[in-house]
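Here is what each chain is made of, one letter per residue.
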Amino acid sequence: FFFNETATTEIYTRSIVGSVRCVQETAIIVNAISKILDEDPIESLKIGSLKIVTVSAVDSLNAVNEIIKLATEERVKKPRTKQVILHLGVAAKRPIFFVESKGFNVADFKKGDERGYKASAEVIVKGVAYNHPLESIMPCSELVFNLQQDGLPVDISEDPGTFICNYIYYTSLYKTLPLAIPSVFVHVPSFSTIKEQDQFKFIHSLLKGCLLYTSPSPRDLSTSRMPSSA
């Protein structure tokens, strides 16, 4: 999670990790963010919180609630604070980075999560229509375009899956849209596909790119399409 108060932006980052090999990439990335920024500081950016979350629905929910609490407390102390929430997850079969523009109100797990919970065609938020989409107020297409202009291997996606990545993303979007806090989920490939140091460089560029969008436009807010109760 990062924020911007006049000239400072703070980021709250949650990465989803589990006990299997492919999900350790985000843990390594998140643990390296402070060092990445120490070596190459980004003006106006301040890290608010970094946390690694297990591949678990309940832990994802708890993590998002923690983000909201931190963001709310920060806004009380610094009303001019502008905030962004960044989620990272591994998509080992994808060859490049993908910025997810939408989350969907569906949990349909092909296997149990780290706590043994296996959702089957369930909603994430009760009272909201099954598979209802929420779109990030982060202008993801513009963000991706700018990253591509820098030669980075990234594209936009509207398919975050139906497992924990989508679970935490939809939950985050549902809770942050009323607060006008941009939330975005980025899938990263495995280190065997894109090397660790190259992924660090991408994350640095991603954080720098997000700085451009810490103040949502009226258009973004009006088209966020918060659901009504079903």
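The coordinates are above.
Everything numeric here is computed off the predicted structure, so don't read it as measured data. (Residues numbered from 1 in each chain as written. Predicted model: local features only at pLDDT ≥ 70, side-chain atom pairs only at ≥ 80, totals over all residues. Heavy atoms only, no water.)

A. Structural context of the nonpolar core. F202 and L206 are the most contacted members of the largest nonpolar core, which has 55 residues in total. Of all elements in the fold, only α1 (24–39), α2 (57–77), β4 (81–90), β5 (97–100), α3 (140–149), α4 (164–176), β9 (183–188) and α5 (196–210) reach the threshold of two or more residues within this core. Once you skip the residues sitting within four places of it in the chain, L206 turns out to touch L86, L143, L147 and V186. (Core = buried A, V, L, I, M, F, W, Y, C linked by side-chain atoms within 4.5 Å. Buried < 20%, exposed > 50% of the residue type's maximum accessible area, 1.4 Å probe, protein only. Helix = DSSP H or I, 4+ residues; strand = E, 2+ residues; numbered from the N terminus. Contact = heavy atoms within 4.5 Å.)

B. Inspection of the side chain of S172 at higher detail. Positionally, S172 belongs in helix α4. A relative accessible area of 1% places S172 in the buried class. With residues up to four places along the chain from it excluded, the contact list for S172 reads V64, I85, H87 and S183.

C. Region of the structure containing the packing of α2 against α4. Put simply, α2 and α4 touch, their axes get as near as 9 Å, and they point 30° apart. Looking at the two axes, α2 sits roughly parallel to α4. When the axes of α2 and α4 are compared, the crossing they make is right-handed. From α2, A57, S60, L61, V64, N65 and I68 reach across to α4, where they touch I164, Y167, I168, T171, S172, K175 and T176. Split into classes, the residues belonging to the contact of α2 with α4 amount to seven nonpolar, five polar and one charged. (Axes fitted to C-alpha atoms, helices over the stretch in contact; angles between N-to-C directions. Parallel < 35°, antiparallel > 145°, perpendicular 65-115°, else oblique. Left-handed = near helix turned anticlockwise from the far one by under 90°. Nonpolar A, V, L, I, M, F, W, Y, C, P; charged D, E, K, R; others polar.)

D. How the structure looks around the environment of C140. Considering the arrangement of structural elements, one finds C140 in helix α3. Note: C-alpha distance between C140 and V184 (44 residues apart in sequence) is 8.1 Å. Apart from the residues within four sequence positions on either side, C140 is in contact with V99, E100, S101, I156 and V184.

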